[in-house]
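As a plain string of letters, each chain reads:
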Amino acid sequence: MAFGRSSSSKRPVEPVALKILVAGGFGVGKTTLVGAVSEIRPLRTEERLSEAGRPVDDTAGVEAKTTTTVAMDFGRITLREDLVLYLFGTPGQDRFWFLWDELAQGALGAVVLADTRRLEDSFAAVDYFERREIPFTVAVNCFEDADRFPAETVRAALDLDPEVALLMCDARDRHSVRDVLVAVVEHAMARADRLREPATT
C-alpha cells in the first residue's frame, strides 16, 4: 500500500467512443429517436416549416409535422462503462443531403429509420449506406396509425441483404431504441471481424 491507496484499486476505464448515424425519410422520427435515448440534452437544429418550403417538402402522411431538421441532431448514450455512442441524426429532405457526406465521416454504422406508410422514403438511405459500405440496421418505427407488416415483408420491399438486421421499434421508447443501437454495433463489429479474417487458400 502506498499513500494510503491499495495497489489493487481499479483504474478508471477510458471508454471507446463510436459514431452512429440515424438516417431516413422526412418525418420518420429521427429527432424523436435521438432525444428518447440521449443521456445529455440533445442538440437539435430544427426550424419551422414555412410556406416557401411547401413546394419542395413532401408532407404527405405527416401533415401534422410543423418543424424540420436543417443540419443534424446530436445525442450521446453510454451502452457500457467502456462504450459510448455519439448519435448524429441526418436531415431528411433531399435539399439537405449534401450534409450526409460530412456527417458520415468516421461513422462505425448507421440506423435507417423506416415508416411503413412511406417505405419508399427509406430507399435513398439504404442505397447511400450500401454504396459506401457503411454497416447499417433498419428500424421500422411503429406509428400507431400505421399498418403492421411481417418483418420479412418489409425486408423484401427494401431488398435488404440477409446480414442486415431489421427490427420493429418505438422511436419514443428508450429501451426500444437502445436495442436498435446494440444491433447496429454488433452488426458493424461482426462485419469488421469478417474483414480482418485472413483469406483461405
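Residues numbered from 1 in each chain as written. Predicted model: local features only at pLDDT ≥ 70, side-chain atom pairs only at ≥ 80, totals over all residues. Heavy atoms only, no water.

Peer 1: Account for the pairing of strand 6 (residues 136–141), naming residues and giving values.
Peer 2: Across the six residues of strand 6, six count as buried, placing the element largely inside the fold. At this point the chain moves from strand 5 (residues 109–114), through helix 3 (residues 123–131), to the parallel strand 6, and the crossover so formed is right-handed. Direction of pairing for strand 6 relative to strand 7 (residues 166–169): parallel, over a ladder of four bridges. In the sheet register, Ala139 faces strand 7, and the bridge partner there is Leu167. (Buried < 20%, exposed > 50% of the residue type's maximum accessible area, 1.4 Å probe, protein only. Helix = DSSP H or I, 4+ residues; strand = E, 2+ residues; numbered from the N terminus. Right-handed = clockwise from strand over helix to strand, strands pointing away. Pairing = 2+ DSSP bridges.)

Peer 1: Account for helix 4 (residues 151–158), naming residues and giving values.
Peer 2: Within helix 4, burial applies to Val154, Arg155 and Leu158. Along the long axis of helix 4, the arc covered by the buried residues comes to 100 degrees, so they all point the same way. Relative to its buried face, helix 4 has exposed residues pointing more than 90 degrees away, namely Glu152 and Ala156. Packing partners of the buried residues in helix 4 comprise helix 3, strand 6 and strand 7. Within two residues after helix 4, Asp159 carries a phi angle of roughly 55 degrees, on the positive side. (Arc of directions from axis to C-beta. Contact = heavy atoms within 4.5 Å.)

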